Structure formats: C-alpha cells, structure tokens
Amino acid sequence: MGKKGGERPLKADTITKDYISDTNVFADVFNYYIYGGEQVISPEQLEERDPAEIALPYGADGAVVPVQKFRDAQKLCTVMTDGKLEYVIYGTEAQAKIHNAMTVRNNLYDALEYAGQVAEAAKSHRKELKKEKERKLELGEEISNEGKKSLTSDEFLSGFWEDDRLIPSVTVTIYFGADEWTGAMSLFDMMEVKEPRILACMDNYHLRLIAPMRMPDEEIMKFQSSLREVLLFIKYSKNPENLNRVLKDNEQRFREMERRAVDVIEVITNTGLKYEESEEKIDVCEAIKEIRMEERRIGELKKAQESARNFYNLGVDIETIAKGVGYAVDVVKGWVGLSPDVQ
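All of the points below concern the structure found in this document. (Residues numbered from 1 in each chain as written. Predicted model: local features only at pLDDT ≥ 70, side-chain atom pairs only at ≥ 80, totals over all residues. Heavy atoms only, no water.)

Two aromatic rings, taken as a pair, are described by how far apart their centres are and by the angle between their planes. Applying the stated criterion across every chain yields a total of five aromatic pairs. With a centroid separation of 4.9 Å and an interplanar angle of 65°, the aromatic rings of Tyr327 and Trp335 are classed as edge-to-face. Overall, Tyr327 belongs to the partly exposed group, its relative accessible area being 33%. The side chain of Arg245 reaches across the aromatic face of Tyr236, ending 5.2 Å from its centre. (Phe/Tyr/Trp six-rings, centres within 6.5 Å; stacked < 30°, edge-to-face > 60°. Buried < 20%, exposed > 50% of the residue type's maximum accessible area, 1.4 Å probe, protein only. Lys NZ or Arg CZ within 6 Å of the ring centre and 35° of its normal.)

Spelled out as structure tokens, the structure:
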C-alpha cells in the first residue's frame with residue numbers, strides 16, 4: 001500500500017487548514033451549520049479573501065496601534081435573496097487541540113473584520129471625494145456641495161456614512177480532536193460574574209463549533225463532502241468495534257476518499273494508514289484491513305515469543321519449542337538469547 005502516512009512530515013495545523021480551505025469542504029461547513037445540511041451555498045459562490053485581518057484601533061494616547069490576526073480560511077459568499085444581491089463573509093478555524101480562549105479569539109476576528117470594513121468605507125469615500133474635486137478642477141467647474149451628498153459631522157468623523165452597511169461575518173470553529181470539547185462555549189462561560197444586572201449590560205458571544213464527539217451520527221451524516229467521513233472516523237478512532245461498523249455502513253465512500261481528507265485522519269488519529277503520497281484516492285477500508293492484519297501478526301508473534309521463553313525456562317529443548325510455536329529453530333534461539341550455533 002506504500003509508505004505510512006504518519007511517516008511524512010505532516011503537521012496538524014497545516015494539514016487541517018489546507019483541508020478546510022477547499023471550497024467544497026468550506027461550503028459544506030456552512031451549509032451544515034447555517035442551513036442544517038441543505039445545499040444552499042455552492043462552491044462557485046465563494047470568493048477567496050485574504051485571511052489577514054488588519055485594523056487600526058486608537059491607543060490611549062491617540063496613537064494608531066496596528067493589530068493583525070490571521071484566520072485559517074475566509075471566503076466571501078454572494079447570494080441572491082428576494083431578487084437582491086447580498087454578501088456574507090464566512091471564516092473557519094481548524095483546531096487539532098482544544099483552545100480554551102477560542103470564544104475570545106473568534107470574537108476578535110469578527111470585530112476586526114467589521115473595523116476593517118469601516119476603514120475601507122472611509123477610504124473609499126475619501127478617494128471618491130478627491131476624484132470628484134480633481135475632476136471639477138480639471139474642467140474649471142466651480143466646486144460646491146450642490147447636488148452632492150451633504151455629510152453630517154458624525155459621518156465626517158467616522159468616515160462611515162449613514163447609508164453604508166456592513167457585510168455580516170460568521171466564524172465557525174471545526175475541532176478535529178477525538179476528545180470531548182471542554183473549552184468555553186461563550187464569553188460568559190469565561191467569566192465569574194453572575195449578577196444579572198451586570199450581564200444585562202454586556203453582549204455575550206457564542207462559539208460556533210463543529211466537534212465530532214458532540215455530534216450524533218445523524219448530524220454528521222448531513223455533511224455532503226469528505227468532511228462526513230473525516231468526522232466519523234475521528235469520532236470512533238479510539239473504538240475499533242464502532243469504527244469497523246462505521247466503515248462497513250459507509251463502505252463505498254470510505255473506499256474512495258480524497259488524499260487530503262485521509263491526511264487529516266492520519267495526522268489527527270495517528271492510526272498508521274499506509275498509502276502513497278501520489279495517490280489521489282485512498283481505499284481507507286483496505287488500509288484499515290492491512291493495519292488489523294499487521295496487528296494480528298504482531299500479536300501472534302509476541303505470543304509465540306512469550307511461549308517460547310516460558311517453555312525454555314521450564315527446560316524444554318529448543319527443537320521441541322520451535323515445532324510447538326511454528327518457527328525455525330534459529331529464530332527461537334534468538335528469542336531465548338541463545339546463539340544460532342548452540343545446540
């Protein structure tokens with residue numbers, strides 16, 4: 001079957017980030033989370049965006065402080081709603097391990113996204129006003145505010161006009177671990193304050209999470225991409241009996257899995273799947289079968305070695321032991337610490 005996937009220099013964060021960046025998987029994530037598995041978002045509707053979020057909040061002394069954060073993947077989705085073109089920004093975070101402050105992290109990503117949009121709106125307005133002024137100067141026209149939008153002092157201060165609108169930002173975290181997610185699920189979960197009057201003055205932020213151990217199988221089955229098999233495999237990776245059941249129930253799809261999906265399975269579960277790096281489609285069922293056969297072979301070998309040592313300690317001759325365990329005499333001699341030349 002080729003070399004073991006785990007022998008390649010696979011890195012969990014790199015592999016998972018590359019995987020969820022695929023438009024088919026990305027669309028599948030939000031079709032599940034927002035629409036319950038209904039195929040509303042198509043890969044063709046997604047436009048790649050630079051995942052670097054940059055905002056310039058003002059410091060206490062009035063200085064501009066640059067802040068930069070990086071999402072794992074971010075895409076702009078264009079949809080038609082009631083005949084009107086609408087835009088939504090979707091972001092995903094891939095986690096191989098539990099991040100206890102994921103709620104704050106995602107909240108920051110969304111806030112920086114909105115701050116960036118406000119900054120871009122202000123930049124766009126300034127550019128258009130400057131262009132209009134230059135055009136009038138070039139034509140020798142009188143520069144006046146007649147026929148132009150009259151800016152209020154508030155609009156001038158913020159750069160965000162009254163009729164400007166933000167594009168919604170939705171961030172979903174995919175936890176690829178095989179353990180229960182124990183991190184906070186909301187901002188309030190990270191606080192000790194329970195006073196209702198204080199909490200009423202605050203806005204809670206909820207973590208939008210996909211985690212296999214939190215999901216019944218029927219929920220995972222709503223995914224249409226290979227993410228379905230990835231989550232199922234991870235969920236039962238520590239339970240061979242249930243994993244065999246899942247492989248059998250979904251045999252056709254597991255026999256033709258894309259390599260990137262199998263890379264995720266291998267780097268997360270360290271199962272020992274063997275396949276060539278050049279293979280685009282992997283038969284996971286066959287790979288697991290080979291692992292089981294190898295495990296049985298190793299188990300039988302260890303049992304034979306233990307039996308041989310026990311019989312040798314009881315004084316049974318090497319030839320009889322070799323015949324009993326089914327291995328060559330020289331092999332058995334090596335097990336019990338004898339030189340092959342010793343009779």
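What follows concerns the packing of helix H7 (residues 227–235) against helix H10 (residues 259–269). The angle between the axes and the distance between the axes are what describe a pair of packed helices. Remark: H7 packs on H10, axes separated minimally by 9 Å, with the N-to-C direction vectors making an angle of 20°. Taken together, the axis directions place H7 and H10 in an arrangement best described as roughly parallel. In the crossing of H7 with H10, the sense of the turn from one axis to the other is right-handed. Taken together, the residues of H10 that come into contact with H7 (itself represented by Glu229, Val230, Phe233 and Ile234) are Ala261, Val264, Ile265, Ile268 and Thr269. Of the residues in the contact of H7 with H10, the class split is seven nonpolar, one polar and one charged. (Axes fitted to C-alpha atoms, helices over the stretch in contact; angles between N-to-C directions. Helix = DSSP H or I, 4+ residues; strand = E, 2+ residues; numbered from the N terminus. Parallel < 35°, antiparallel > 145°, perpendicular 65-115°, else oblique. Left-handed = near helix turned anticlockwise from the far one by under 90°. Contact = heavy atoms within 4.5 Å. Nonpolar A, V, L, I, M, F, W, Y, C, P; charged D, E, K, R; others polar.)

With that settled, consider the nonpolar core. Within the largest apolar cluster, 50 residues are counted, with the highest numbers of intra-cluster contacts made by Tyr19, Tyr90, Phe176, Ile210 and Val230. With residues near it in sequence (within four places) discarded, Tyr19 still touches Val25, Phe176, Ser226, Leu227, Val230, Glu258, Arg260, Ala261 and Val264. (Core = buried A, V, L, I, M, F, W, Y, C linked by side-chain atoms within 4.5 Å.)

This part takes up a nonpolar patch on the surface. On the surface, Tyr33, Ile34, Tyr35 and Val40 cluster together to form a nonpolar patch covering roughly 300 Å² of accessible area. Position of Tyr35 relative to the elements: it lies in helix H2 (residues 23–35). (Patch = residues over 30% accessible without salt bridge, like charges linked within 9 Å, V, L, I, M, F, W, Y side chains within 5 Å. Areas by Shrake-Rupley, 256 points an atom, 1.4 Å probe, with all protein chains shown as cover. Salt bridge = Lys/Arg side-chain N within 4 Å of Asp/Glu carboxyl O.)

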